[in-house]
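# Fold and geometry: a report
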Amino acid sequence: MSGKATVRKGPKRNLLQVSLVTETYPPEINGVANTMRHLVEGLEQRDHRIHLISPRQLGERSAKRRVGRPESLVPALPIPGYRGLRFGLPVYWRLRRMWRTPPPDAVYIATQGPLGHATLTAARTTGIPTLTGFHTQFHLYSSRYRLGLLTRRIIGTLRRFHNRSDATLVPTKELRSELIDLGFQNVHVFSRGVDTELFDPSRRSEDLRRSWGCPPAGLVVVYVGRLAAEKNL
């Protein structure tokens with residue numbers, strides 16, 4: 001496919017049929033899975049049609065279904081070092097058959113594993129506009145795990161992958177600038193949001209703060225996440 005593809009508009013109110021490909025999705029618990037859940041729900045609230053494609057995790061026998069949302073589970077293998085999480089196999093020909101009639105208006109690839117690489121190749125071959133998401137800074141992880149000598153190779157691999165897509169989405173302006181300096185092209189900011197109904201000052205509890213030993217005007221800091229080397233805690 002030469003050049004950059006143009007997004008095909010849906011038949012009504014510019015609504016889109018989007019295939020979203022991710023190595024992880026709830027009920028798995030991690031940042032990418034949570035981000036993908038909010039992305040899918042936000043698009044569906046705006047009446048876009050989502051087809052979710054993800055690896056078959058342990059205990060999953062068939063695709064989970066939600067009214068109005070088709071989901072496809074692909075074969076998977078365990079991810080070394082991540083207990084209970086699996087990566088999708090490169091099901092290139094299955095994707096080509098899946099997108100034969102009708103193809104989606106766009107494909108979003110959230111992760112850069114074998115499934116993501118196969119998806120990007122299949123989408124480009126079929127002429128489907130494709131976005132990639134830069135959710136995990138793998139090039140920074142190498143130094144945390146004493147693999148600093150591989151940093152340049154990891155950056156090169158990520159750059160080649162993302163530059164094959166029509167655009168790469170990142171959560172912050174700072175990360176966009178960093179990736180552009182590293183040679184990434186067509187990088188755009190797709191910032192995260194805060195649910196202001198869930199996170200609201202009206203939920204403040206002075207009793208709870210006192211139980212923590214925190215004065216009324218004191219600052220409370222909470223961290224929720226994995227205790228891992230790359231978090232630099």
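Shown above is the structure to which this text applies.
## With respect to the sheet that holds strand β7 (residues 130-133)
- An order of β3-β2-β1-β6-β7-β8-β9 is seen for the seven strands of this open sheet, with the pairing classed as parallel. The outermost strands of the open sheet, each flanked by one partner alone, are β3 (71-74) and β9 (187-189). Taking each pair of neighbouring strands and ignoring which way they run, the sheet shows an average axis angle of 25 degrees.
- As paired elements, strand β1 (residues 17-21) and strand β6 (residues 106-109) share four bridges and run parallel to each other. Opposite leucine 20, over in β6, you have tyrosine 108 as the bridge partner.

## Structural notes on the nonpolar core
- Judged by nonpolar contacts, the single largest core of 16 residues is most densely connected at Ile53, Leu95, Trp99 and Val107.
- Every element with two or more residues in this core is listed here: α2 (92-98), β6 and α3 (114-126).
- Among the elements that make up this core, the one with the highest residue count is α3 (five residues).
- Setting aside chain neighbours within four positions, we find leucine 95 in contact with Ile53, Ala118, Thr119 and Ala122.

## Some words on α3
- For α3, which comprises 13 residues, the first-to-last C-alpha distance of 18 Å matches the rise-based estimate of 18 Å (1.5 Å per residue) to within 8%.
- Immediately beyond the C-terminal end of α3, within one or two residues, lies glycine 127, with a positive phi of roughly 85 degrees.

## Quick look at the pairing of strand β2 (residues 49-55)
- Summarising burial for β2: six of the seven residues are buried, a large majority.
- Pairing of β1 with β2 involves five bridges; the strand directions are parallel. If you follow leucine 20 over to β2, its bridge partner there is leucine 52.
- Taken together, β1, helix α1 (residues 31-45) and β2 constitute a β-α-β crossover, and its handedness is right-handed.
- Relative to β3, β2 is paired through four bridges, and the arrangement is parallel. Bridge assignment links leucine 52 to a residue of β3, and that residue is glutamate 71.

## A few points about the pairing of β6
- Burial along β6 is two-sided: the residues Ala106 and Tyr108 and Val107 and Ile109 are all buried.
- In this sheet, β7 lies alongside β6 in parallel orientation, the contact comprising three bridges. Note on β7: the bridge partner recorded for tyrosine 108 is leucine 131.
- Running through α3, the crossover from β6 to the neighbouring parallel element β7 is right-handed.

## Observations concerning the packing of aromatic side chains
- Taken as a whole, this structure holds two aromatic pairs when the rule is applied.
- Residues tyrosine 92 and tryptophan 93 carry aromatic rings whose centres are separated by 4.9 Å and whose planes lie at 80 degrees to one another, so their mutual orientation is edge-to-face.
- Take tryptophan 93: its relative accessible area is 57%, and that puts it in the exposed class.
- Relative to phenylalanine 184, the ring of phenylalanine 134 has its centre 5.8 Å away and its plane inclined at 85 degrees; by these criteria the two rings are edge-to-face. Placement of the pair is phenylalanine 134 in the loop between β7 and α4 (138-144) and phenylalanine 184 in the loop between α6 (173-181) and β9, with a sequence separation of 50 residues. Across this residue pair, the class does not change: phenylalanine 134 and phenylalanine 184 are buried.

The rules behind the values
Residues numbered from 1 in each chain as written. Predicted model: local features only at pLDDT ≥ 70, side-chain atom pairs only at ≥ 80, totals over all residues. Heavy atoms only, no water. Pairing = 2+ DSSP bridges. Helix = DSSP H or I, 4+ residues; strand = E, 2+ residues; numbered from the N terminus. Axes fitted to C-alpha atoms, helices over the stretch in contact; angles between N-to-C directions. Core = buried A, V, L, I, M, F, W, Y, C linked by side-chain atoms within 4.5 Å. Buried < 20%, exposed > 50% of the residue type's maximum accessible area, 1.4 Å probe, protein only. Contact = heavy atoms within 4.5 Å. Expected span 1.5 Å × (residues − 1). Right-handed = clockwise from strand over helix to strand, strands pointing away. Phe/Tyr/Trp six-rings, centres within 6.5 Å; stacked < 30°, edge-to-face > 60°.

By themselves, these are just geometric observations and shouldn't be taken as functional.
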